[in-house]
Amino acid sequence: EPEVTQTPSHQVTQMGQEVILRCVPISNHLYFYWYRQILGQKVEFLVSFYNNEISEKSEIFDDQFSVERPDGSNFTLKIRSTKLEDSAMYFCASRVAGSTDTQYFGPGTRLTVL
Amino acid sequence: SQQGEEDPQALSIQEGENATMNCSYKTSINNLQWYRQNSGRGLVHLILIRSNEREKHSGRLRVTLDTSKKSSSLLITASRAADTASYFCATDPLDSKLTFGKGITLSVRP
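Summarised in this report is the structure supplied together with it. (Residues numbered from 1 in each chain as written. Chains lettered and ligands numbered in written order. Predicted model: local features only at pLDDT ≥ 70, side-chain atom pairs only at ≥ 80, totals over all residues. Heavy atoms only, no water.)

1. Concerning the packing of aromatic side chains
Residue and element names in this part refer to chain A.
Right, so step 1: Applying the stated criterion across every chain yields a total of 14 aromatic pairs over all chains.
Right, so step 2: Seen in terms of ring centroids, F32 and F75 are 5.4 Å apart; in terms of plane orientation they differ by 40°. Their pairing is tilted. Taken together, the residues F32 in strand β4 (residues 31-37) and F75 in strand β8 (residues 75-79) connect sequence positions 43 residues apart. Exposure class is identical for F32 and F75. Each is buried. (Phe/Tyr/Trp six-rings, centres within 6.5 Å; stacked < 30°, edge-to-face > 60°. Helix = DSSP H or I, 4+ residues; strand = E, 2+ residues; numbered from the N terminus. Buried < 20%, exposed > 50% of the residue type's maximum accessible area, 1.4 Å probe, protein only.)

Encoded structure:
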């Protein structure tokens, strides 16, 4: 069964460094998302992406964050200058089309900022 | 309560018993989804129920949706130790981003 994949599974970085988290959505899906979950807290929406542009972003998704679909398969989340509070599990999700479709989540990347 | 708020926060049952988890939400929705998360792992989609549906089954799972009360319940029948996990409801309003609750920690004792 097709699944969303994410790399790396765990990323450790120093505060102020740039990180790129990578996702490969399910191949025929058209809508892509990033969510994050700080340890012990809710899963929070960051950004949605459709037709090569951001369709919605939350207030968490400030100028330090950016997303890109550099080719036909990858979907990346970049954090330009990481802060301690960026430490969280980051989940990528995708869905086929239509707001009534299931969002399928990847296994997540655990980001630790030291 | 906030959108997608589950209760109870924690539930401990014996293997073989049924587990019932509830979710309440505030705004209109297109659908409501339940996910499971094993400790420190990814979110596994369990079931989606659309706003025009009242009940849905998938294996040992039964989900109900009452849009007049803005609530949903997830029933796991004949629970197993492997069902031990956190369970989240997520609402999908018209703009399609999911809003998650804080989750319910289910412990199934062998």
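From this point, the discussion proceeds with the structure in view.
2. Observations regarding the state of the cysteines
Residue and element names in this part refer to chain B.
Right, so step 1: Inspection of every chain in the model, using the stated rule, returns two disulfides over all chains.
Right, so step 2: What pairs with C23 in a disulfide is C89, and their sulfur atoms sit 2.0 Å apart. Here the S-S torsion is close to 65°, and the disulfide linking C23 with C89 is therefore right-handed. You can see C23 sitting in strand β3 (residues 19-24) and its partner C89 sitting in strand β9 (residues 85-92), a full 66 residues away along the chain. We note that C23, like C89, is buried. (Disulfide = S-S within 2.5 Å.)

3. Description of the sheet that holds strand β7 (residues 65-68) of chain A
Residues and elements named next belong to chain A.
Right, so step 1: Here we have four strands laid out as an open sheet, ordered β1-β3-β8-β7, and antiparallel in their pairing. Each having just a single partner strand, β1 (5-7) and β7 make up the two edges of the open sheet. Mean inter-strand twist for the sheet, computed between neighbouring axes without regard to direction, equals 20°.
Right, so step 2: Strand direction decides the pairing type here: β1 and strand β3 (residues 19-24), joined by three bridges, are antiparallel. In the sheet register, Q6 faces β3, and the bridge partner there is C23. (Pairing = 2+ DSSP bridges. Axes fitted to C-alpha atoms, helices over the stretch in contact; angles between N-to-C directions.)

4. With respect to the interface of chain A and chain B
Right, so step 1: Across the boundary between the two partners, chain A contributes 19 residues, which contact 25 residues of chain B.
Right, so step 2: Contact between chain A and chain B buries roughly 1700 Å² in total, counting both sides, with carbon and sulfur atoms accounting for 50%.
Right, so step 3: Here E56(A) ties to K97(B) by a salt bridge, and the two come within 2.7 Å at their closest N and O atoms.
Right, so step 4: Listed by contribution, the elements that provide at least two residues to the side of chain A that touches chain B are β4, β5 (43-50) and β9 (88-95) of chain A. (Contact = heavy atoms within 4.5 Å. Buried area = accessible area lost by both parts, 1.4 Å probe. Salt bridge = Lys/Arg side-chain N within 4 Å of Asp/Glu carboxyl O.)

5. Remarks on the pairing of strand β6 (residues 53-57) of chain A
All names here are of chain A.
Right, so step 1: Looking at chain direction, β5 and β6 are connected through four bridges and run antiparallel. Looking across to β6, one finds that V47 is bridged to K57.
Right, so step 2: From the end of β5 to the start of β6, which pair antiparallel, there are two residues, and N51 there has a positive phi angle of about 55°.

6. A short note on unusual backbone geometry
Right, so step 1: With omega at -10°, the peptide bond leading from T7(A) into P8(A) counts as cis.
Right, so step 2: Structurally, the position occupied by P8(A) is in the loop between β1 and β2 (10-13).
Right, so step 3: Unlike most non-glycine residues, N51(A) shows phi in positive territory, near 55°.
Right, so step 4: Locating N51(A) in the fold gives a position in the loop between β5 and β6.
Right, so step 5: Positive phi is not limited to glycine here, since A78(B) has a value of about 45°.
Right, so step 6: Given the relative accessible area of 38%, A78(B) is considered partly exposed.

7. Quick look at the nonpolar core
Right, so step 1: Within the largest apolar cluster, 23 residues are counted, with the highest numbers of intra-cluster contacts made by M21(B), L32(B), W34(B), L74(B), I76(B), Y87(B) and L106(B).
Right, so step 2: Every element with two or more residues in this core is listed here: β2 (10-14), β3, β4 (31-37), β5 (43-50), β7 (61-66), β8 (71-76), β9 and β11 (104-109) of chain B.
Right, so step 3: Setting aside anything within four residues of it in sequence, one finds I76(B) in contact with E17(B), N18(B), A19(B), M21(B), R60(B), L61(B), D83(B), Y87(B) and L106(B).
Right, so step 4: If you look at the next biggest cluster of nonpolar residues, it comprises 22 residues, including V4(A), L46(A), C92(A) and L111(A). (Core = buried A, V, L, I, M, F, W, Y, C linked by side-chain atoms within 4.5 Å.)

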